[in-house]
Amino acid sequence: MPNIKLYTAKLSPPGRAVELTAKLLGLPLDIVPINLLAGDHRKDEFLKLNPQHTIPIIDDGGVVVRDSHAIIIYLVLKYGKDHSLYPDDPITRAKVNAGLHFDSGVLFSRLRFYFEPILYEGSSAVPQHKIDYMQKGYELLNDALVDDYMVGNTLTLADISCIATIATMEEFFPMDRTKYPALVAWIERLRQTLPEYEQLNQEGAVEFAEICESLRLKNAINAK
Ligand SMILES: N[C@@H](CCC(=O)N[C@@H](CS)C(=O)NCC(=O)O)C(=O)O
């Protein structure tokens, strides 16, 4: 059976969540690199696969799945030896789903509202309210972390999804680590637990923040 194709970029937090999940499941992927800055995601060939022009998407033998949250659930249900990352019990699963929606609707949305105008619209602004909103994201997650992981004491997809975004947010706007002890401990736990974490998540987070900041400075010069 051919490997699953993953259309992604190392810079993309949701793309990295898929790579982290596949690594945990022992699933080999054929990576198809998509350069967002070059507009690969707006080309006809890609739009046929995802008219919403977002990465990541997978193509699993002709089955195309878009949205990282949908993709990582699919990978666990279809290929996981067990469902421990996305437990069958309805109560636990509801909590994992809440964590996935927290990433999608709160963390990642707040991050994208900051970086998209810089990447795509030539903006150089650093609006304080957008930064405050991201800082609030740290607080919300910190206050919800009462156990080792987001849902009890076992690693689930909620953790994988959120760590991809949180690690990136931290490179853009570091948190005051003294204010969020539970969050800091959770980040360190995931760093230790997730296989090839530095390569699959941290490197892309650092690179993304650097590229975005240099583009922002270039945009500022161009605006003069
Ligand atoms: N909810 C989606 C968000 C995907 C997303 O917005 N990806 C960004 C890159 S990090 C993207 O493809 N942006 C290009 C665009 O929206 O045109 C997911 O989790 O996959």
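Residues numbered from 1 in each chain as written. Predicted model: local features only at pLDDT ≥ 70, side-chain atom pairs only at ≥ 80, totals over all residues. Heavy atoms only, no water.

(A) Here's a closer look at helix α4 (residues 90-121). Along its length, α4 shows its largest kink, about 40°, at F108. A positive backbone phi angle near 70° is found at G122, which sits one or two residues after α4. (Bend = angle between axes of the 7 residues up to and from the residue. Helix = DSSP H or I, 4+ residues; strand = E, 2+ residues; numbered from the N terminus.)

(B) Local environment of the site of the ligand. For the ligand, the set of nearby residues contains 15 residues, the closest of which are H53, I55, D67, S68 and R112. Here an oxygen atom of the ligand and a side-chain polar atom of H69 are 3.3 Å apart. Most atoms of the ligand, that is more than half of them, are within 2 Å of grid points of the largest pocket. Of all elements in the fold, only α1 (13-25), α3 (68-79) and α4 reach the threshold of two or more residues within the shell around the ligand. Sorting elements by how many residues they give to the shell around the ligand places α4 first, with 3 residues. Tallied by class, the residues present in the shell around the ligand amount to 7 nonpolar, 6 polar and 2 charged. (Near = heavy atom within 4 Å. Polar contact = N/O pair within 3.5 Å; in protein donor to acceptor, adjacent residues only side chain to side chain. 1 Å grid on protein atoms, 1.4 Å probe; cavity = no way out; pocket = protein on both sides within 12 Å on 5 of 7 lines; lining within 4 Å. Sits in = over half its atoms within 2 Å of the grid points. Nonpolar A, V, L, I, M, F, W, Y, C, P; charged D, E, K, R; others polar.)

(C) Fine view of the sheet that holds strand β1 (residues 4-8). Judged by pairing direction, the sheet is mixed, and its 4 strands sit side by side in the order β2-β1-β3-β4 without closing on themselves. The outermost strands of the open sheet, each flanked by one partner alone, are β2 (29-33) and β4 (63-66). Neighbour-to-neighbour, the strand axes of this sheet turn through a mean angle of 20°, independent of strand direction. As judged from the 5 bridges shared by β1 and β2, these two strands associate in the parallel manner. Pairing of I4 across the sheet is with L29, part of β2. (Pairing = 2+ DSSP bridges. Axes fitted to C-alpha atoms, helices over the stretch in contact; angles between N-to-C directions.)

(D) Quick look at helix α6 (residues 157-172). With 16 residues, α6 should reach 22 Å at 1.5 Å per residue; the first-to-last C-alpha distance of 23 Å fits that figure. Its axis deflected by about 25° at I163, α6 carries its strongest bend there. Along α6, 15 of the 16 residues are buried, which leaves the element largely enclosed by surrounding structure. (Expected span 1.5 Å × (residues − 1). Buried < 20%, exposed > 50% of the residue type's maximum accessible area, 1.4 Å probe, protein only.)

(E) Main features of the UniProt feature "domain: GST C-terminal" (unreviewed entry) in the protein. The sites that carry the UniProt feature "domain: GST C-terminal" (unreviewed entry) are, in the present numbering, residues 89-208. Secondary structure content for residues 89-208 is 75% helix and 0% strand, and the end C-alpha separation is 37 Å. (UniProt positions renumbered as here; feature names shortened; annotations may be inferred.)

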